[in-house]
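Understanding the architecture of this molecule
Residues per chain are reported as follows:
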Amino acid sequence: MSDVRARPRAIGTPMDRVDGAQKVTGTATYAYEWPLDRPVYLHPLQSTIAAGRVTGVDTSAAEAEPGVLAVLTHLNAPSLTRPDDPELAVLQSDEVAWRGQFIGAVVAESLETARYAAGLVRYEYAQRPHDVALRSDRDDLYSPVHAAAFGQGGGELQDGSPADSVLGDADTAMALATVTLDATYSTPMYHNNPMEPHTAVVTWADGELTVRCSTQGVTWSRNLIAGVLGLEPRRVRVISPHVGGAFGSKVYPQSYAVLAAMAARTVKRPVKFTLTRQQMFALVGYRPASIQRIRLGADGKGRLTAIAHDVVEQTAKAKGYAEQVAVSTRVMYAAPHRRTTHRLAPLDVPVPTIMRAPGEAQGMFALESAMDEMALACGLDPVEFRIRNEPEVHPESGLPFSSRHLVDCLREGARRAGWERRDPTPRAPHDGRWLIGTGVAASTYPSPRFPGNTATIRMGPDGHCTVLIAAADMGTGTWTALTQIAADALGVPVERVELRIGDSALPPASVAGFSSGITSWGSSVSETAARLRALLESDFGGTVPPDGLEVTADMPGNPDAEHYAMHSFGAQFAEVRVDEDTGEIRVVRLLGMFDVGQVINPKTARSQLIGGMTQGISMALHEHSVLDQRFGHVVNQDFAQYHIAANADVHAIEAHWLDETDPHTNVMGSKGLGEVCIVGTAAAVANAVHHATGVRVRDLPITLDKLVA
């Protein structure tokens, strides 16, 4: 094995995707494409009321249809072992908790037959009045109690953070402040819309279950599905080597896989099931709507003396879910007096779930919009105002940051964006009928490392290395980045590394989420490689034995995690043009400058950053799940009506990063970058729109009616 010090590093090289050829030639196998012997097809039945009970079911016409093998309802479905989880307890009772909930399924020889027969099933309901209106003055708001999506406990929000935080006396400090701001911001429901719909292809053989599904974590999905079906995890195998996007929606909701498994067990045939685009709007979660009140106080020099961020967000009556909307406010700016709170409004709606940068995306829109307003009130440039309030340590925990280069991002981003040429007067710059505006916002996101990761590395006598870990690639570049990490850790060229991921039969891995994937999986792979190299040198004199060598190791602990706050940071600069007559908005330039530690692969990293920034434009200007309060369902449930930023909406986007390495996060020196890139984008666009028009829009999305009015 060659000396790694004499070999150019793979980490930091803009390497082409190792799975790129498969992707462009169509040979990468996604969940629904797995070939099966004599498969049958499932079409679900969904509730047409938002709250109540099923009182009658007539399946006779559907069952009489040629090609129909089974019609499942709560009256004949197999029993599950998790009836307490309304998301996963599919067909276990007659209760209806939201419109669009699974209440049955038709299994048939063809998809067309299943869909037709589903229309023949008749349901009767005892409907109760539903409530889907989010308001901050509701009398049933409650503080979340252990609503963690991962069931980890130790906190009250889904990231494990406490729901509330208090330091000093924010109200008194606000009353004594020279300059104050009291403003309310809101964000609507947003729905994850990955290109690949949620899919489960299920087979039973000799009492063992194989699920080929679109998931962000095969180990997590295996354990969840096994627990619901009452199986030992070793009897369930989940396979998902390629995932066509997820954005958080393929972490937790596995009800579609459970329903497919129940159907396959009933008919004793392999079952294929994929959700339609419309069905995804009721069954796989969404980003919950929020109402956020932010109060800021500052002295005469523009230094913050008080921060208060109070959040009301929607959740489902059926199952609590609480996002950490105000948690980023605890990280960002120095102020001796501070308070954050989270309260949930229980509604008759589907259960929310993770969506890219859950909580931080909504919270930083509000905070960074408020910081822009406060900078103007203090008579300061928005970049300078943020720099003036930069903390030396974490403002609430007092821990030093493992690395924090936000000021560098602000200054370098401002230089690249030409910020010094900016006339701060709203509505001043013109180009004919186009009003021109520029805005800035900061970004942040944690860089965690999740437990439950193990890697195995096999080295053959020819130096070929096989790396096995049940990681996930949602199109983000895991196949490539882990190959680069393994190559450097082993001291071999990338051509001699073969990576195997996306199968629960492999050593376990945590989910792809919360910008934790590469940190967690890469740490495991690096540790295993280090042990293999040490064993090779100590026991075999550096020569691989004829039978090869295999080492398995768990992810090492990180003692620095207790002593440092670990976060990625960034600054985003937006330039917009607004038609003075129609209110049409165009984001003509979006520039991001990020502090994300060592970048493993600049090519895939830039793709991730640009993708998140594009999603931020969508959040700012387009996306809005419109809930019909009469019936309790989202009405714009397809791409014709739920607009996502497309090529015509995206002009110049630039993603840059600082040449920095974090010495404490992991052995690679990297930090998360998949989510920090969406955080702050919406605020940067909103601040630019205000600069262009003089109109402050505090309720997303920023649509032309809000400007014209």
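Preceding this paragraph is the structure being described.
This text gives an overview of the structure that appears in the document. (Residues numbered from 1 in each chain as written. Predicted model: local features only at pLDDT ≥ 70, side-chain atom pairs only at ≥ 80, totals over all residues. Heavy atoms only, no water.)

Turning our eyes to something else, we now look at the overall build of the protein. Regarding its fold elements, the protein presents 16 helices and 26 strands. The C-alpha radius of gyration of the protein comes to 26 Å, within 12% of the 27 Å expected for a compact globule of 709 residues. Once the C-alpha set of the protein is aligned to its principal axes, its extents read approximately 75 × 75 × 50 Å. When the 709 residues of the protein are sorted by exposure, 62% land in the buried category. Residue pairs in contact within the protein that sit at least 24 positions apart in sequence constitute 81% of those at least 6 positions apart. On the protein, roughly 25,900 Å² of surface is accessible, and the fraction owed to carbon and sulfur atoms is 51%. Treating the 63 positive side-chain charges of the protein as one cloud and the 80 negative ones as another, the clouds have centres 1 Å apart. (Helix = DSSP H or I, 4+ residues; strand = E, 2+ residues; numbered from the N terminus. Rg over C-alpha atoms; globule rule 2.2 N^0.38 Å. Buried < 20%, exposed > 50% of the residue type's maximum accessible area, 1.4 Å probe, protein only. Contact = heavy atoms within 4.5 Å. Areas by Shrake-Rupley, 256 points an atom, 1.4 Å probe, with all protein chains shown as cover. Lys, Arg positive; Asp, Glu negative; His and termini not counted. Charge placed at Lys NZ, Arg CZ, Asp CG, Glu CD.)

A few words on the sheet that holds strand 2 (residues 52-58). In space, the three strands of this open sheet follow the order 4-2-6, with antiparallel pairing throughout. Edge positions in the sheet fall to strand 4 (95-96) and strand 6 (122-127), since each of these pairs with one other strand and no more. (Pairing = 2+ DSSP bridges.)

Turning next to the state of the cysteines. Per the counting criterion, the structure on display carries zero disulfides. Cys409 takes part in no disulfide bond, and the closest cysteine sulfur, belonging to Cys677, lies 13 Å away. The class for Cys409 is buried, based on a relative accessible area of 0%. (Disulfide = S-S within 2.5 Å.)

This part is about the sheet that holds strand 12 (residues 271-274). Across the sheet, seven strands lie side by side as 3-5-1-12-9-10-11; this open sheet has mixed pairing. Each having just a single partner strand, strand 3 (68-73) and strand 11 (236-239) make up the two edges of the open sheet. The average undirected angle you get between the axes of adjacent strands in this sheet is 20 degrees. Summarising the sheet, strand 9 (residues 199-205) and strand 12 pair through four bridges and their orientation is antiparallel. Paired with Val202 across the two strands is Val271, which belongs to strand 12. Across the sheet, helix 3 (residues 111-118) lies against strand 1 (40-46), strand 3 and strand 5 (102-108), angled at about 25 degrees from strand 1, the strand it touches most. Helix 5 (residues 218-229) contacts strand 9, strand 10 (208-213) and strand 11 of the sheet and is inclined by roughly 145 degrees relative to strand 11. (Axes fitted to C-alpha atoms, helices over the stretch in contact; angles between N-to-C directions.)

Turning our attention to the pairing of strand 21 (residues 549-554). Two faces, one strand: in a regular strand the side chains alternate between the faces of the sheet. Burial along strand 21 is one-sided: Leu549, Val551 and Ala553 are buried, while Glu550, Thr552 and Asp554, pointing the other way, are not. Here strand 18 (residues 454-459) runs beside strand 21; their pairing, made up of six bridges, is antiparallel. Bridged to Arg458 within strand 21 is Glu550.

Turning our eyes to something else, we now look at the environment of Thr528. Examined against the element boundaries, Thr528 turns out to sit in helix 13 (residues 517-540). Remark: the alpha-carbon pair of Thr528 and Val331, spanning 197 residues in sequence, is separated by 34 Å. The contacts of Thr528, once residues within four sequence positions are left out, are Ala455, Thr456, Ile457, Val551, Thr552 and Ala553. A distance of 2.8 Å separates a polar atom in the side chain of Thr528 from the backbone oxygen of Ser524. (Polar contact = N/O pair within 3.5 Å; in protein donor to acceptor, adjacent residues only side chain to side chain.)

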